[in-house]
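Given next are the chains, with one letter for each unit.
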Amino acid sequence: MRLLIRSLKILIGLIVVGLIGLGIWLYTSPPELLRVGSGYSAKMVCSNVFLAGRDSDEVLAVDVQAPGHPLLRLMRVSVDRTEKRVHAALLGIFAGNDAVYREGLGCTVTPDGARAAAATVPVPAVTSADPSALWPEGGKVEPDPSVARLLSDANLVGPGMRAVVVVKRGRVVAETYSSGFSKDTPLLGWSMTKTVNAAILGTLIRDGKLSLDDKGLFPQWQGNQRGDIRIADLAAMESGLAFNEDYGAVADVTRMLYLEPDMASFAADQPLEADPGSRFSYSSGTAVLLSRIWMEKVGDGTSALAYPRTALFGPLGMTSAVMEADAAGTLVGSSYMYATARDWARMGLLLARDGVWNGSRILPDGFVALMHQANATSNGRYSKMQTWLPGKNNPDMPADAFFIQGHDGQTITVIPSLDLVVVRLGLTPSWNRYDPTRLVAEVVKTTTAP
């Protein structure tokens, strides 16, 4: 009996020592996967609290933990409303990461205690629309009951829907919102931000400050084949740069978004693995590179950070739109824009109208056409300008239709020939197998019926 007790004590001692050692390891040298998880948790909670006005516990449980990696269920967050900072860590102790809010620029992860650049840069607000004027000039809508009935069908709008807005002939004809969300709630577009970023790039092309054929785009590309990469190659996702877009592990995309304070420099340092223009490879890194390119062309940091509002959001009346910046002060044109569903619809309407708004050309002639022209290497799936295409799986969609798409079920369908825009936003992971084209097809039938 004494031997058994002694053996148990030794075993318990070894377990305790092992746990202490594990704790010290997790605290001093946490695995990158845990730091990615804490960075993601801090960032999501920060943006939704300080931009969207949502409850931090709800965001952690519903947006972060429920649809995500099992390790995210062990993340705990604390919100400092005075400093406008969110700290996240495994069990509230290990692998900590922070996100900080900056007025007009949203939230950014500050890995390894990086100081967030441009913390006090003033970003101009967009003038509020007249609530009594019809959308898009104002906030008044006149719904079409036949279209509104479609949006009451849960199967059409899909699981996890948060907002749907339908625009026909330049007016909102139907909209619906799930509980806890409204026309005033800014919602994350994820990769829909890429298309907005492309439009911002387009305004500089319009003004002759950039060309799609520009090369030699970054200093580290000089003297090697990366110097042959054109802006057009980046826009078509045919740069040839290595970039792992797998969100299930510590890949290039998750490292860039949650562990790198200077995202553009990280993406620019990637090696070339194919000749420019020879292979389609979807990459959030290339979208961030496009951000850095147009920001440097605008000029100083203050002007560049304000540029989306002065060049695009302001003219369109997108009062809620915020494109968030990384810790180095580069706008994250791959992933991080928040806007209300109505403001996302304004973006869609601009593209449906060939880049013209109230008679003024915002985007250069022919630019939007690139958004519904397939690139050379994606088998018809991706366009020449940061949008997705119906492809062979949707033969009934009009030839000029294209999709602005984002993670977890964010979609704007733009059909210029029908003067139709359908915005569908939500929290709908891919395993739900929701297809928004069913909703779009029904809207097309209803709005084109004699």
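Only a predicted model underlies this, so the values are computations on that prediction, with no experimental measurement involved.

A. Broad picture of the overall build of the chain. Check the secondary structure of the chain and you find 13 helices and 16 strands. Rg of the C-alpha trace for the chain: 23 Å, near the compact-globule value of 22 Å for 450 residues, within the 12% margin. Its C-alpha atoms give the chain principal-axis dimensions of roughly 90 × 55 × 45 Å. Counting the 450 residues in the chain, one finds 56% classified as buried. Long-range pairs, those at least 24 residues apart, make up 63% of the contacts in the chain between residues at least 6 apart in sequence.

B. The state of the cysteines, seen in detail. If you walk through the whole model with that rule in mind, you get one disulfide. Between the sulfur atoms of Cys46 and its disulfide partner Cys107 the distance amounts to 2.1 Å. Between Cys46 and Cys107, the S-S torsion sits near -75°, and that sign places the bridge as left-handed. You can see Cys46 sitting in helix α2 (residues 32-50) and its partner Cys107 sitting in strand β4 (residues 106-109), a full 61 residues away along the chain. Summarising the burial analysis for this pair, Cys46 and Cys107 share the class buried.

C. Up close: the pairing of strand β8 (residues 171-177). Looking at chain direction, strand β7 (residues 161-168) and β8 are connected through six bridges and run antiparallel. Bridge pairing in β8 links Val164 to Thr176. Count of turn residues in the β7/β8 antiparallel hairpin: two residues, of which Arg169 carries a positive phi of about 50°.

D. Seen up close, the side chain of Ser320. Mapped onto the elements, Ser320 comes out in the loop between α11 (301-316) and β10 (322-323). Here Thr340 takes part through its backbone nitrogen, which lies 2.9 Å from a polar atom of the side chain of Ser320. Not counting residues within four places of it along the chain, the set of residues in contact with Ser320 comprises Tyr338, Ala339, Thr340 and Asp343.

E. How the structure looks around the environment of Ala251. Mapping Ala251 onto the fold places it in the loop between α7 (231-235) and α8 (252-259). According to the relative accessible area criterion, Ala251 is buried, its value standing at 5%. Not counting residues within four places of it along the chain, the set of residues in contact with Ala251 comprises Asn244 and Asp246.

F. Structural context of the packing of aromatic side chains. Within this structure, the stated rule accounts for 10 aromatic pairs. A cation over a ring is seen here: Lys43 above Tyr336, with NZ or CZ 3.9 Å from the ring centre.

G. Main features of the side chain of Asp98. Relative to the elements of secondary structure, Asp98 occurs in strand β3 (residues 94-102). Within the local environment of Asp98, its side chain forms a polar contact with the side chain of His87, the two groups lying 2.5 Å apart. Beyond its immediate stretch of four places on either side in the chain, Asp98 contacts Ala42, Arg85, Val86, His87, Thr108, Val109 and Thr110.

H. Main features of the sheet that holds β3. Spatial ordering of the open sheet is given by β1-β2-β3-β4, a layout of four strands whose pairing is antiparallel. The strands lining the two open edges of the sheet, one partner per strand, are β1 (75-80) and β4. In this sheet, adjacent strand axes meet at a mean angle of 20° when their direction is disregarded. Examined bridge by bridge, strand β2 (residues 85-90) and β3 share five bridges and lie antiparallel to one another.

I. Quick look at the pattern of salt bridges. A full pass over the atoms with the stated rule returns 18 salt bridges. Across the pair Asp98 and Arg85 runs a salt bridge whose closest N-O atoms are separated by 3.5 Å. Of this pair, Asp98 sits in strand β3 while Arg85 sits in strand β2; the two residues are 13 residues apart in sequence, bridging distant segments of the chain. Here Arg85 falls in the partly exposed class, since its relative accessible area comes to 32%. The salt bridge involving Arg230 is made with Asp213; its shortest N-O contact spans 3.2 Å.

J. Inspection of the nonpolar core at higher detail. Val196, Trp294, Leu312, Met337, Trp344, Met347 and Leu351 are the most contacted members of the largest nonpolar core, which totals 112 residues. Residue contributions to this core peak at nine residues, all from α2. Among all residues touching Trp294, those that are not within four sequence positions of it are Asn197, Ile200, Leu201, Leu204, Leu210, Ala304, Tyr307, Pro308 and Leu331. Ranked by size, the runner-up nonpolar core spans 26 residues in total, among them Ala174, Trp388, Met397 and Val444.

K. Region of interest: the sheet that holds strand β11 (residues 337-339). Reading across the sheet, the three strands line up as β9-β11-β10 and stay open at both edges, with antiparallel pairing between neighbours. In this open sheet, the two strands that pair with only one neighbour each are β9 (187-188) and β10. Note that β10 and β11 share two bridges and pair antiparallel. Its bridge partner being in β11, Met323 is matched across the sheet by Met337.

L. Structural detail: unusual backbone geometry. With an omega of 10°, the peptide bond between Trp135 and Pro136 qualifies as cis. With respect to the secondary-structure elements, Pro136 resides in the loop between β5 (130-134) and β6 (138-140). Non-glycine residue Ala95 carries a positive phi angle of around 55°. On the secondary structure map, Ala95 appears in strand β3. Given the relative accessible area of 4%, Ala95 is considered buried. The backbone phi angle of Asp408 is positive, close to 60°, even though this residue is not glycine. A residue is classified by how much of its surface remains accessible, and Asp408, at 11% relative accessible area, is buried.

Cut-offs applied
Residues numbered from 1 in each chain as written. Predicted model: local features only at pLDDT ≥ 70, side-chain atom pairs only at ≥ 80, totals over all residues. Heavy atoms only, no water. Helix = DSSP H or I, 4+ residues; strand = E, 2+ residues; numbered from the N terminus. Rg over C-alpha atoms; globule rule 2.2 N^0.38 Å. Buried < 20%, exposed > 50% of the residue type's maximum accessible area, 1.4 Å probe, protein only. Contact = heavy atoms within 4.5 Å. Disulfide = S-S within 2.5 Å. Pairing = 2+ DSSP bridges. Polar contact = N/O pair within 3.5 Å; in protein donor to acceptor, adjacent residues only side chain to side chain. Phe/Tyr/Trp six-rings, centres within 6.5 Å; stacked < 30°, edge-to-face > 60°. Lys NZ or Arg CZ within 6 Å of the ring centre and 35° of its normal. Axes fitted to C-alpha atoms, helices over the stretch in contact; angles between N-to-C directions. Salt bridge = Lys/Arg side-chain N within 4 Å of Asp/Glu carboxyl O. Core = buried A, V, L, I, M, F, W, Y, C linked by side-chain atoms within 4.5 Å.

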